[in-house]
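Each chain is listed here by its residues.
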Amino acid sequence: MKIQLKKIRVYSILALFAAARTFATAAPDMSTALLPDSPAPTWTKSSFMDKLVDALENGGYESALELYDSVPAKYQGDTELQIIKASLLLSSNKLNDAKKICTSLLSKDAKNTDVLSLAMAVAKAQGNKTEWNRYVKELIAIDPYNPEANISLGENEFSRKQYKQSRLYFQKALVHDPKNVDALFGVGQTSYYLEDDDKAISTFKKILTIDPEYAPAYSYLGKIAGANEEYQIASNYALEAVVRDDKNYDYIMDYGMYERNLGHYANAEQAWTTAISIDPSYFLAYAYRAGLYDEQDMFKEALNDYLMVIKTNPDYYFAWESIGVLYLHEKEWKKAREAFEKCYERNKTNISYPLMITYCYYMAKDSLNAKKFSDKVLPKLDRSSMDYAILRVFHDLAGEAPLIQKISTLTNSNQKGKMYFYIGLLYDMIGGKEAANKYYLEVVNLNSPMFFEYRIAEWSVGELNVK
C-alpha cells in the first residue's frame, strides 16, 4: 500500500520514526530492559516505533494516532514522541491539536528548532501568516541557514512569483544540508521559471542521484525537453514520472501532450482518457482529447468532449467556438448559432461571432432575425472600421465590391485571410459557389490557421472538390 505523506518541514514522519528509534536504541529505558528471569517487557520506545510504522503503512494516520493511547504515563510528555504525534496530526489535518502540542513543547524549550519548524508548518497550513512569520524569524535568529525556515521562505516567494529571491532562499537552505531534496527541488523549479535551463537540469538530475524515485524531477526534466521540442526525451521523462505517480493528473497530461507531438495519437488519447478517469470534473483533458479527435476528423467524438469541457468549465468560451464550428459542419444552424452566441456573450470585440450568428440565422431561413440581430450590433461598431463594413454587407447581402478592394490592401495576413473568408461565406450563403471558392482558396493558401474560420474554409474547398 502506498502511503501519501504530507511533507513535514524538520522531518518527514518516517524520518522522525528513524530518529526516535535511534534515540531509543542509544538510550534504552533500563526499567523495561530484559533482566535474567524477568518477564518480557510490555512496552518499549523502540517497539512502539515499530508499531507506529506498521500502523501508518497499513492503517493510515488514524491507526497510528490510536497507538498513543497505549503510551505509559511516564512517556506521555516525551519530546520525540510528541513531535511525531504532532506530525501525524498535521498530516491528518488536525491542525489545532498539532498546534497545542507544539505550544506545549515550546513552553519547555523555546529554542528547539525541530519543534519550531513543525510549529511553522502548522501555522502555514492554518494560513496564520503572523505566527508563521514569527516562527521563521525565530529559526533564522538561531541559524540564518536553517533549512526548514529558508525552504518555507523560498516557497512563500515562489507563490508570489518572485523567482530570483525564492531561489536565493532555497540555496541558503542547502548550505547546511546540501542533499535536502526539498531545497534542491526549489532551486530546480525556480531555475526553470527563470529560464536557466542548465541550472534546472543539473539540479533535477542531482535530485535523482539522491532519490531516483522522485517523480517531480522527472516531470520538470520532461517540461524542459518539451520546451526545446525534444519530444521523445520529454515523453520518456514524463513516463518515468507517471510510473512513479500514476494518479498524478499533470504528469499524465504532459505525457499525452508529448506523445501527441510525436504523432503517437493512440498513446495521447489513452493518456488523456486516463486523466479524465482520475478527475472527470476537470475540463483540461476533455479539451486536449477533443482537439485530438477534431484533428482526426472524428467530429462526433470531438463534439462530445467539447460539450464536456463546457459542462466542467462554462467560462471556457473557446470550446463554444469549436462546438459552433462542428455544428456548422453538420449544418445544424440553430445549435451552431447558439454556440456562437455564447462566444459573443463572453467576447464582444471579436467580429467573427456576430458574423457567424447572422450567417446561421440566414442559413436557417430566418432573415428577419438575422437583420434584427445585426441591427443591434452595428451601432456599437466604428462606422469607419473594417468590422462595421463586413457586418453591414452581411446585413444587406450586398455592397461587397468596395470592401473587397479594401481587403486586398491589408498587410496583416491574418486579418486579410479572415476578411476574405467572410466574403467567401457571403457568396456561399447567397449561392455564388464559384466566387465563394475563390475566396476560400485565398484563405487556405495563406497557410496560417491563426483563426477558427480557416478550418471552415478548408472544409468548403474540400466539399467543392476544388484544389
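All values derive from a computational prediction rather than experimental measurement.

The rules behind these values
Numbers given to residues run from 1 along each chain, matching the order in which its sequence is written. Whole-chain, interface and lining totals are the exception, using all residues; otherwise, since this is a predicted model, local features are given only for residues with pLDDT of at least 70 and side-chain atom pairs are given and counted only at 80 or more. Side-chain descriptors were evaluated using all non-hydrogen atoms of the structure, hydrogens and water having been removed beforehand. Working definition: helices are DSSP H or I runs of at least four residues, strands are E runs of at least two. Numbering for both runs from the N terminus. A 1.4 Å probe rolled over the protein chains alone gives each residue an accessible area, and that area as a share of the maximum for its type sets the label: buried under 20%, exposed over 50%, partly exposed in between. Whether two residues touch is decided by their heavy atoms; if any such pair falls within 4.5 Å, the residues are in contact. Accessibility throughout is a Shrake-Rupley quantity obtained with a 1.4 Å probe, and a residue counts as covered only by protein chains that appear here. Given a helix with a known number of residues, its expected span is that number minus one, times 1.5 Å. Throughout, the arc means the angular range of directions from the helix axis out to the C-beta atoms. Pairs were defined over the aromatic rings of Phe, Tyr and Trp, the Trp ring being its six-membered one, requiring ring centres within 6.5 Å. Orientation was assigned from the angle between planes: stacked under 30 degrees, edge-to-face over 60, tilted for the rest. For a Lys NZ or an Arg CZ to count as sitting over a ring, it must be within 6 Å of the ring centre and within 35 degrees of the ring normal. Confidence of the predictor at the level of single residues is given by pLDDT, which spans 0 to 100. A pair is scored as a salt bridge if a Lys or Arg side-chain nitrogen falls within 4 Å of a carboxyl oxygen belonging to Asp or Glu. The nonpolar core is taken to be a set of buried Ala, Val, Leu, Ile, Met, Phe, Trp, Tyr and Cys residues, with the residues joined through side-chain atoms within 4.5 Å. Residues adjacent in sequence count toward polar contacts only when both atoms are side-chain atoms; beyond that, a polar contact is any pair of N or O atoms within 3.5 Å, and within protein one must be able to donate a hydrogen and the other to accept it. The angle between two axes is taken between their N-to-C directions and runs from 0 to 180 degrees, where each axis is a line fitted to C-alpha atoms and a helix contributes only its stretch in contact. For classification purposes, angles smaller than 35 degrees are called roughly parallel, those larger than 145 roughly antiparallel, those between 65 and 115 roughly perpendicular, and all remaining angles oblique. Left-handed describes a crossing in which the near helix is turned anticlockwise from the far one by less than a right angle; the clockwise case is right-handed. All amino acids are sorted into three groups, where Ala, Val, Leu, Ile, Met, Phe, Trp, Tyr, Cys and Pro are nonpolar, Asp, Glu, Lys and Arg are charged, and the leftover types, Gly among them, are polar.

What's the story with the overall build of the chain in this structure? I'm lost.
Helices and strands together make up the secondary structure of the chain, namely 26 helices and zero strands. Expressed as a percentage of the 467 residues in the chain, the buried residues total 47%. Across the chain, the fraction of contacts at a sequence separation of at least 24, relative to all contacts at a separation of at least 6, is 50%. Of the roughly 23600 Å² of accessible surface on the chain, a fraction of 51% belongs to carbon and sulfur atoms.

Help me out: how do you make sense of helix α13 (residues 231–244) in this one?
Since the α-helix advances by 3.6 residues per turn, residues separated by three or four positions end up pointing in the same direction. For α13, which comprises 14 residues, the first-to-last C-alpha distance of 20 Å matches the rise-based estimate of 20 Å (1.5 Å per residue) to within 8%. Among all positions of α13, only Ala-234, Ser-235, Ala-238, Ala-241 and Val-242 are buried. Down the axis of α13, the sector holding all buried residues measures 120 degrees, keeping them to one side. Of the surrounding secondary structure, the elements contacted by the buried residues of α13 are α12 (215–227) and α14 (249–261).

Quick question: what am I supposed to make of the environment of Ala-125 here?
Looking at where Ala-125 falls in the secondary structure, it is placed in helix α6 (residues 113–126). Distance in space between the C-alpha atoms of Ala-125 and Leu-90 is 8.2 Å, their sequence separation being 35 residues.

Just checking my understanding: could you explain the packing of aromatic side chains for this structure?
Overall, the coordinates contain 30 aromatic pairs when judged by the stated rule. Considering the side-chain rings of Tyr-163 and Tyr-193, the 5.0 Å spacing of their centres and the 15 degrees angle between planes classify their relative orientation as stacked. Residue Tyr-163 is found in helix α9 (residues 163–173), and its partner Tyr-193 is found in helix α10 (residues 181–193); the two are separated by 30 residues along the sequence. Residue class for Tyr-163 comes out buried when judged on its relative accessible area of 17%. Ring centres of Tyr-192 and Tyr-220 lie 5.1 Å apart, and the angle between their planes is 80 degrees; this geometry places the pair in the edge-to-face category. Here Tyr-192 is found in helix α10, whereas its partner Tyr-220 is found in helix α12, with 28 residues between them in sequence. Three or more aromatic residues joined by ring pairs make a cluster, and in this case those are Tyr-249, Tyr-282, Phe-283, Tyr-316, Tyr-317, Phe-318, Phe-340, Tyr-353 and Phe-452. Residue placement shows Lys-172 over the ring face of Tyr-145; its charged tip is 5.5 Å from the ring centre. Stacked on the ring of Tyr-220, the Lys or Arg Lys-223 has its end atom at 5.8 Å from the ring centre.

Even after reading the chapter, I still don't get the confidence of the model for the chain, so can you show me in this structure?
Atom-level detail of predicted coordinates should not be read off regions where pLDDT is low. The pLDDT averaged across the chain works out to 90; a share of 90% of its residues lies at or above 70. Confidence drops under pLDDT 50 across residues 18–27; counting only partners more than four residues distant or on other chains, this segment forms eleven contacts. Across residues 30–35 the pLDDT falls below 50, and counting only partners more than four positions away or on other chains, this stretch makes seven contacts in the model.

I would appreciate a short explanation of unusual backbone geometry in the present structure.
It is generally the case that most residues other than glycine have a negative phi and that most peptide bonds are trans. A positive phi angle, near 65 degrees, is found at Asn-93, a position not held by glycine. Residue position: Asn-93 is located in the loop between α4 (79–91) and α5 (95–108). The residue Lys-365 is not glycine, and still its phi comes out positive at about 65 degrees. Examined against the element boundaries, Lys-365 turns out to sit in the loop between α20 (352–363) and α21 (367–377). Since its relative accessible area comes to 77%, Lys-365 is described here as exposed.

What is the right way to look at the pattern of salt bridges in this model?
Scanning the entire structure with this criterion turns up 21 salt bridges. Arg-160 is the partner of Glu-157 in a salt bridge, and the nearest nitrogen-oxygen pair spans 2.8 Å. Looking at Glu-157, the relative accessible area reads 13%, which means it is buried. The residue Arg-455 makes a salt bridge to Asp-297 at a minimum N-O spacing of 3.5 Å. With a gap of 158 residues between them, Arg-455 in helix α26 (residues 453–463) and Asp-297 in the loop between α16 (284–295) and α17 (299–312) connect regions that are remote in the sequence. The exposure class assigned to Asp-297 is partly exposed, which follows from its relative accessible area of 47%. Each of Lys-45, Asp-78 and Glu-80 takes part in one network of salt bridges that share partners.

What is the right way to read the nonpolar core from this model?
General note: in soluble globular proteins, nonpolar side chains tend to be found buried as a group. Ranked by internal contacts, the top residues of the largest apolar core, which has 107 residues, are Met-356 and Phe-394. The biggest single contributor to this core is helix α24 (residues 413–429), with nine residues. If near-sequence neighbours (up to four positions away) are discounted, Phe-394 is found in contact with Leu-355, Thr-358, Tyr-359, Tyr-362, Tyr-422, Leu-425, Leu-426 and Met-429. Counting residues in each nonpolar core, the second largest holds 40 residues, with Leu-88, Leu-89, Ala-119 and Val-122 among its members.

I keep staring at α14 and nothing clicks. Help me out?
Taking 1.5 Å of rise per residue, 13 residues should cover 18 Å, and α14 covers 19 Å from first to last C-alpha, within 8% of that figure. For α14, the set of buried residues is Tyr-249, Tyr-251, Ile-252, Met-253, Asp-254, Tyr-255, Gly-256, Tyr-258 and Glu-259. One side-chain oxygen at the N-terminal end of α14 lies 3.0 Å from the backbone nitrogen of Asp-250; it belongs to Asn-248. Looking one or two residues past α14, Gly-263 carries a phi angle of roughly 85 degrees, positive in sign.

I keep staring at the packing of α12 against α14 and nothing clicks. Help me out?
The relative placement of two packed helices is expressed as an angle between their axes plus a distance between the axes. Axis separation between α12 and α14 bottoms out at 11 Å; the angle between their running directions is 30 degrees. Regarding the angle of α12 to α14, the classification is roughly parallel. Every pair of crossing elements has a handedness; the one defined by α12 and α14 is left-handed. Counting all contacts with α12, which are made through Ala-215, Pro-216, Ser-219, Gly-222, Lys-223 and Gly-226, the residues of α14 involved are Tyr-251, Asp-254 and Tyr-258. Residues of the contact of α12 with α14, tallied by class, amount to four nonpolar, three polar and two charged.

Help me understand the packing of helix α18 (residues 317–329) against helix α19 (residues 333–346) in this model?
Two numbers describe how α18 lies on α19: the axes approach to 8 Å, and their chain directions differ by 160 degrees. Between α18 and α19, the angle is such that the two are roughly antiparallel. As α18 packs across α19, the resulting crossing turns out to be left-handed. In this structure, α18 contributes Tyr-317, Trp-320, Glu-321, Ile-323, Gly-324, Val-325, Tyr-327 and Leu-328 to the contact, and α19 contributes Trp-333, Lys-335, Ala-336, Ala-339, Phe-340, Lys-342, Cys-343 and Arg-346. Class assignment of the residues belonging to the contact of α18 with α19 gives a composition of eleven nonpolar, one polar and four charged.

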